[in-house]
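# Commentary on secondary and tertiary structure
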2 protein chains.
Amino acid sequence: MDINKKPIYPVEPWNITETEFSMETNYRNETTFALSNGYIGTRGTFEEGYDFSVDEGLEGNFINGFYESVDIPYGEWNYGFPTKSQSLLNLPDLKKTEIYGDGELFDMRTGKVEDYSRVLHMQDGYVERKLTWTSPKGKKLQLVMKRFVSLVHKNRMYQQIQITPVNFSGEIRICSHLNGDVENHTRKTNPLIGYGPFGSRLHMDKLQAEDGVLYYEGTTLQSGMTMACASEYKIAGAGEVVTVFGTDEEKRHAVCESRMEVSENTTITCEKFMVYTSSQDMEAGKLEGFAKKELKEAVEGGWQKEFDAQQAKIHEFWEISDVQIYDDEALQQGIRFNLFHIMQSAGRDGRTGMGAKGLSGEGYEGHYFWDTEMYVLPVFVYTAPELAKKLLEYRFRTLDQARDRAKVLGHPKGALYPWRTINGEEASTYFPLGTAQYHINADIAYAFWLYVSVTGDLEFFKDMAAEVLVETARVWADVGYFAECRGGKYCICAVTGPDEYNAITDNNFYTNLMGRENIRYALKALEMLKEAGADVYEAFVSRMGITEEETAYWEKIVENMYFPYDENRQVYALDDRFMMLRPWDDSRIPPEKRHLLYENYHPLFVYRQRMCKQADAIFGLYLHSNFFSKEELKRNYDFYQEVTLHHSSLSNCVFGMLACQIGYYDEAYEYFAQSARMDLDDYHDNFYAGIHAANMAGTWQAIINGFAGVRVNGGGLELHPYVPEKWNGMQFYLLYRGRKLKIQLTHEKTRVELAAGDAVTLKLNEKEIHLEPGEGSVYEEEI
Amino acid sequence: MDINKKPIYPVEPWNITETEFSMETNYRNETTFALSNGYIGTRGTFEEGYDFSVDEGLEGNFINGFYESVDIPYGEWNYGFPTKSQSLLNLPDLKKTEIYGDGELFDMRTGKVEDYSRVLHMQDGYVERKLTWTSPKGKKLQLVMKRFVSLVHKNRMYQQIQITPVNFSGEIRICSHLNGDVENHTRKTNPLIGYGPFGSRLHMDKLQAEDGVLYYEGTTLQSGMTMACASEYKIAGAGEVVTVFGTDEEKRHAVCESRMEVSENTTITCEKFMVYTSSQDMEAGKLEGFAKKELKEAVEGGWQKEFDAQQAKIHEFWEISDVQIYDDEALQQGIRFNLFHIMQSAGRDGRTGMGAKGLSGEGYEGHYFWDTEMYVLPVFVYTAPELAKKLLEYRFRTLDQARDRAKVLGHPKGALYPWRTINGEEASTYFPLGTAQYHINADIAYAFWLYVSVTGDLEFFKDMAAEVLVETARVWADVGYFAECRGGKYCICAVTGPDEYNAITDNNFYTNLMGRENIRYALKALEMLKEAGADVYEAFVSRMGITEEETAYWEKIVENMYFPYDENRQVYALDDRFMMLRPWDDSRIPPEKRHLLYENYHPLFVYRQRMCKQADAIFGLYLHSNFFSKEELKRNYDFYQEVTLHHSSLSNCVFGMLACQIGYYDEAYEYFAQSARMDLDDYHDNFYAGIHAANMAGTWQAIINGFAGVRVNGGGLELHPYVPEKWNGMQFYLLYRGRKLKIQLTHEKTRVELAAGDAVTLKLNEKEIHLEPGEGSVYEEEI
């Protein structure tokens, strides 16, 4: 990890610009320019559809929640090990559009490319490429290509290609392809897993090229899901256009080709419309009708209308979510890049979640982890609660699978969420770093609680949250035991905390703390239901079979949770084992192996070193800082700061946030800076495999929850602002219980404005402030 | 497990008799009547070569150390996970010999069987079957079949078939087969593993039927080992014999068939000779010559000579090893059955070990575990030290692989033995119950130390033992750490002790204790080398690179090893986790699932229950009882007695031995009884897959080290005899430092006789006794 890299792209407030095409950076840049709307995801590959090797690029097109299964092999199988994989499946490509000028195929690897730029317009939600290309034979074309994945219509993608022959008049030929001969690059994108999907995993049910429409329908070989996709284009600015269609069943390929004569310096425009859908949304038999209807509407509506709608939609997002940093353009760019990617990656239909890599690549098989709840959700809860709600709804809808999983793990009651999944069932094949991470249950409960706390959405609470809180709590009440040898405290053994370098341990601090709070939320939820009315409460308690004995047991756990503590250092130990381990000694490890420990060292060696990959205990202390004194937080921070290697992308932002709380502002700033530009500058050298969504969201948290000190863990909304010395200030919005708050912080002044909504009381540092619509809507304080 | 079963076979002192043939019991009985000489192993299948289904039987023929590898699949691979399997390979069968009487094939499933018996003659080392068979058409044959695997010539097996037509004169036809179309029954015999070998894994290099000799040579597809086997027979008592040969390459089959006319009530005898060898002993090019030469010698020597030699050889074994129990025939039979099987199963060429199932089946893939060192070795050390030495030599010869493995696990120095292996490399695919069992290192060191202590074999000590003791100690000196939080004591984390229901824990009592003793042995070894002479010592220390700093560190560990202790109960905890776990509650588990926990419960559930599968801490306390007071031992026994489920066959004998030491004689007797007849009465319902060699050896230990109280852990030889109330007494021999001691114990008298060798001093209870050749050779004491 090189955190002192020069910026890869020019520093600009709203754009990411690629200034030249190169094979070496192609794979990474495909992720940078990936587009999504939370349903469709498409990598930033070129319209030319280059046939890159597996080390150079991946033509990736995905539908959220659409996966293929294969049998998972095990050296030795044990009961409860998942038997079927879930891998986000790479789907047929529709984007490829070849252009011929006077018979010569446009290809940036031949001829000469000038005035090249590719821009991710983050503010407006599209990618644009411009260039002038001189063919090997000297024919010059000016090209402008735009692309967006519609944030308005989840099934649609749009392309626009403008072609101008600069130094000749002649034939322009446009070939639009549908390529069904695609496969995942599993060995490249998930090198340690021992199963596929390998090869083509879609049975092609239909392939058509009719009336200008290319259509494909296919069904996965094992998971039994059907998807359909279709494309059509129209050409403007040309004279007579001759169009031919064709399919090649064997190659799973369809093409639509148009030829036209174009005069020198005349611009023609090709608008291309693409639709993806799947049997997750309707019966397979209805896919063709639906896809073609969507496509027809897109074609009839045309490019410009939806291009405008796209911009309007994303402006709504930025209206609330944009964080302005005064006078630090590099970090400004970083935070916007990160916000853009997490916004576009979130599933928003209530039956899909958000992958650790969004829909930008195949990394982690497209699985959903705790990253969503603990890193992404807090951002949306404060800025885009509808997205947050939909992601939580996905967890609610998979509660039955979690109930089944709890039984598999031997818990007679309750629900245990899977460590990694797409369909709600556990897909982690290596349980020490998978199923053993029980904290996922508390993380999900935390996110439900946070959503309800910040939004005040009582309907959601009653309909979904309460049930999830109770069912997750029940597993915590079964997994541990009041151990005599620990003074009767409640101990939780044989779990793995967030840190992936410490596995199968006892009394992981984070786990015990989060588990306790999970139970507390369940108890509070019951109180809230009581307040909502005896009938509501009685119905719930009766349906869930909750007894007084059960809640009394929960209370006993809350009061008696055990936490590992090191008396010498006066810090919380990561777990019961940590302080017994040999201190990490880098000198035993050759430098080239240090960041790839599991590729170079046996897990048992890793588990025996006193070091962390990432924030673990620290995360718990940050989330529930209200239970700890500042001195305690400092001591713990100082200790874990020393022993944490930050080999995970999930680490920096959390350390940064706790650093803020204890006044370690310089360190906080360093952590924040690393988080903000981690993916943009590819610190981990693996951006090709997809975004690090958790860290991207963590950047927002590091500013808002970190520097601005926004917290609700004490009950109401609190601000504890700090403006880093290197900045002149910052500005952002928060949505809180139906209010819109505008917050401006400078070195001179703190300004909080109730920009919309009813009166509200909040705490600024230790002081309560009250804002009302109208004249009392602004609070300002000189510093 | 049903320990109150009626005896399966008639109770006899020296024989195991099957009184009827039945399909239902065939698979189990194939193990009962399995024969071996530590090199060849052959299951007790019938000469008829029935084509049983995989649930009814397994024609199994094995060569110790001859394995096939396949790629081991992993859901998720991590560094250091073995990539190639090692599976004892099922080899071509030579035994099958069909008999036709007047054109009708002898088959016990047709016609009528009378006067049936099959006997394992344990005293004489062979199996004999007798029966009268009436064919469907009424032709009656009297058959007597004998078989042994030569204890004199490791490559040879012998069969003798005597045929008498009782009620007819006519043609007798004998077909001797060589069947190369064999495969392992992996899915049946190792159902939880996810890899093969499946199908035929030998490439057939040669197949011949020439001059009455059937010959096969084949090479494994992946491990690259070549084996050869050959058979020939001769017939006596018949007139003219017409013999034809043939091979069928496609079926990998060769046959030799003889026809003869035999008069009513005339007995003909077929003597059949079989040879197995492999490229482990010579270049592959020499196998054919060797095998045919061996075969020729066998044929020329004939049956009777080697049958006599076999008996002489095994009598030598019984001469020392037999344990006589006065007047308890069922247990007498059990102990002899167990001794017979472990004797015949031990590798004795110094490059092979002893599988947990001997060579009697495919269970555990034929792997060698700690079973050899901790259960079997102590028997041989006292009764057949040459066998013990050869098994230890195998470990010495694989020291380099163990050194490599230590490096893989991140230890810069030393050797780490594999948890399960054939070739010396780790073959455990599930590291929580495999590689994590570091105690294997200390177990092997213990066995080396015990061998040297009991035999006084200083040559072996200098040549092999010292190096093993030092190299194993070095891993102990690297794996742990002097932990401040435990008062600076040396803690060992993230290991698994012997108990398979408690994995990846910290400070496993057994592991820490055995690891400490391993280091102590290394320190003692250095002292012994010093005593052997400065030059010997200096050469060793220099070759091994041992520094004073290193030995000082070892001493510090020995003095400061940490042991988990429960203050409330005043007992040693199994590990740091155990006392925090929820007490085991059988009522949560349906009865049919209780003995197959890993087939019905996730490992994490199992790891979280306060219970043990088997002796763990108890084993350490027993082995090193000299460090603990009787009261301590009692408290610990009482505790572990309550929490141990004895789901492992390795448990009973150890509990029984500790029970003896603390005077819990009734319990000791119960444990012993269960151990003695565990396999003979198939308590675990899985004898079909092979013997439980460890428990079989544990039976001897339970009598000799248990009831008779034979110990050397205090330094010299001690006896602490007790005769169970149900017995009138017992008698056994011990070899100790070149002496042969005969020990007779009754309720009235203890008698110790120096039967051979120089004067010796030993302790009888607290009293020293001195025996000398001649008049002072007997010590008797009234009780």
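Residues numbered from 1 in each chain as written. Chains lettered and ligands numbered in written order. Predicted model: local features only at pLDDT ≥ 70, side-chain atom pairs only at ≥ 80, totals over all residues.

This next bit is on the overall build of chain A. The helix and strand inventory of chain A stands at 20 helices and 33 strands. For a compact globule of 783 residues, the expected C-alpha radius of gyration is about 28 Å, and chain A comes in at 27 Å, within 12% of that figure. Expressed along its principal axes, the backbone C-alpha trace of chain A runs to roughly 85 × 65 × 65 Å. Taken over 783 residues, chain A has a buried fraction of 56%. (Helix = DSSP H or I, 4+ residues; strand = E, 2+ residues; numbered from the N terminus. Rg over C-alpha atoms; globule rule 2.2 N^0.38 Å. Buried ≥ 20, exposed ≤ 12 C-beta atoms within 10 Å, placed from the backbone.)

This paragraph deals with the sheet that holds strand 20 (residues 324–326) of chain B. All names here are of chain B. The 5 strands are arranged 20-28-29-30-33 in an open sheet whose pairing can be described as antiparallel. On the outer flanks of this sheet lie strand 20 and strand 33 (778–782), each paired with one strand and no other. Averaged over all neighbouring strand pairs, the angle between strand axes comes to 15 degrees, with direction disregarded. (Pairing = 2+ DSSP bridges. Axes fitted to C-alpha atoms, helices over the stretch in contact; angles between N-to-C directions.)

Attention now moves to the domain arrangement of chain A. Residue and element names in this part refer to chain A. Taken domain by domain, chain A comprises domain 1 (33–74 + 83–317), domain 2 (322–716) and domain 3 (731–782). Look at where the C-alpha atoms of domain 1 and domain 2 centre, and you get two points 37 Å apart. Contacts between the two partners involve 27 residues from domain 1 and, on the opposite side, 28 residues from domain 2. Elements with a contribution of two residues or more to the side of domain 1 that touches domain 2: strand 2 (35–36) and strand 6 (87–88). (Domains from an automatic or database assignment. Contact = placed C-beta atoms within 7 Å.)

What follows concerns the relation of the copies chain A and chain B. Overlaying chain A with chain B gives an RMSD of 0.1 Å, the required rotation being 180 degrees about an axis along which the chain moves by 0.1 Å. Overall, the copies show the geometry of a two-fold rotation axis. The rotation axis passes nearest to the C-alpha of A:Tyr74 in chain A, at a distance of 2.3 Å. Comparing interface residues between copies, 100% of those in chain A also sit at the interface in chain B, which points to an isologous, same-surface contact. (Least-squares fit on C-alpha atoms with pLDDT ≥ 70 in both.)

We now examine the pairing of strand 12 (residues 156–165) of chain B. Residues in a regular strand project their side chains so that they alternate between the two faces of the sheet. Residue and element names in this part refer to chain B. Judged by how many residues are buried, strand 12 sits mostly within the fold: 8 of 10 residues are covered. Relative to strand 12, strand 11 (residues 140–149) runs antiparallel, the two being bridged by 9 bridges. Looking at the pairing, Lys-146 lines up with Gln-160 of strand 12. Where strand 11 folds back onto strand 12 in an antiparallel hairpin, the turn is made up of 6 residues. With 8 bridges connecting them, strand 12 and strand 19 (residues 268–278) associate as antiparallel partners. Bridge pairing in strand 19 places Ile-161 opposite Cys-270.

Residues and elements named next belong to chain B. Under the 1.5 Å per step criterion, the end-to-end length of helix 3 (residues 287–321) is only 35 Å for 35 residues, more than 12% shorter than the ideal 51 Å. Along helix 3, the largest kink reaches about 95 degrees and is centred on Gly-302. Turning to helix 3, its buried residues are Leu-287, Ala-291, Glu-294, Leu-295, Ala-298, Trp-303, Glu-306, Gln-310, Ile-314, Trp-318 and Ser-321. (Expected span 1.5 Å × (residues − 1). Bend = angle between axes of the 7 residues up to and from the residue.)

All names here are of chain A. Alternating residues of strand 1 (residues 15–18) divide into Ile-16 and Glu-18, all buried, and Asn-15 and Thr-17, none buried. For strand 1 and strand 9 (residues 112–121), the ladder comprises 4 bridges, and the chain directions are antiparallel. Bridge assignment links Ile-16 to a residue of strand 9, and that residue is Leu-120.

The next thing to look at is the sheet that holds strand 18 (residues 253–262) of chain B. Residue and element names in this part refer to chain B. Strand order in the open sheet made by the 5 strands is 8-7-13-18-17, with antiparallel pairing throughout. Since the sheet does not close on itself, it has two edges, and those belong to strand 8 (104–105) and strand 17 (241–248), each with one partner. In the sheet, strand 7 (residues 97–101) pairs with strand 13 (residues 170–179) via 5 bridges, with the strands oriented antiparallel. Among the inter-strand pairings, Glu-98 is bridged to a residue of strand 13, identified as Cys-175.

Per the UniProt annotation, the sites labelled "domain: Glycoside hydrolase family 65 central catalytic" (unreviewed entry) are residues 336–701 of chain A. As a span, residues 336–701 of chain A carries 53% helix and 4% strand, and end to end its C-alpha atoms are 13 Å apart. (UniProt positions renumbered as here; feature names shortened; annotations may be inferred.)

A word on helix 4 (residues 303–321) of chain A. Residues and elements named next belong to chain A. Compared with the 27 Å implied by 1.5 Å per residue over 19 residues, the 27 Å span of helix 4 between its first and last C-alpha is a close match. Where helix 4 is concerned, the buried positions are Trp-303, Glu-306, Gln-310, Ile-314, Trp-318 and Ser-321. One side of helix 4 carries all its buried residues, which in axial view fall inside an arc of 115 degrees. Of the residues in helix 4, the exposed ones pointing more than 90 degrees away from the buried face are Gln-304, Lys-305, Asp-308, Glu-316 and Glu-319. (Arc of directions from axis to C-beta.)

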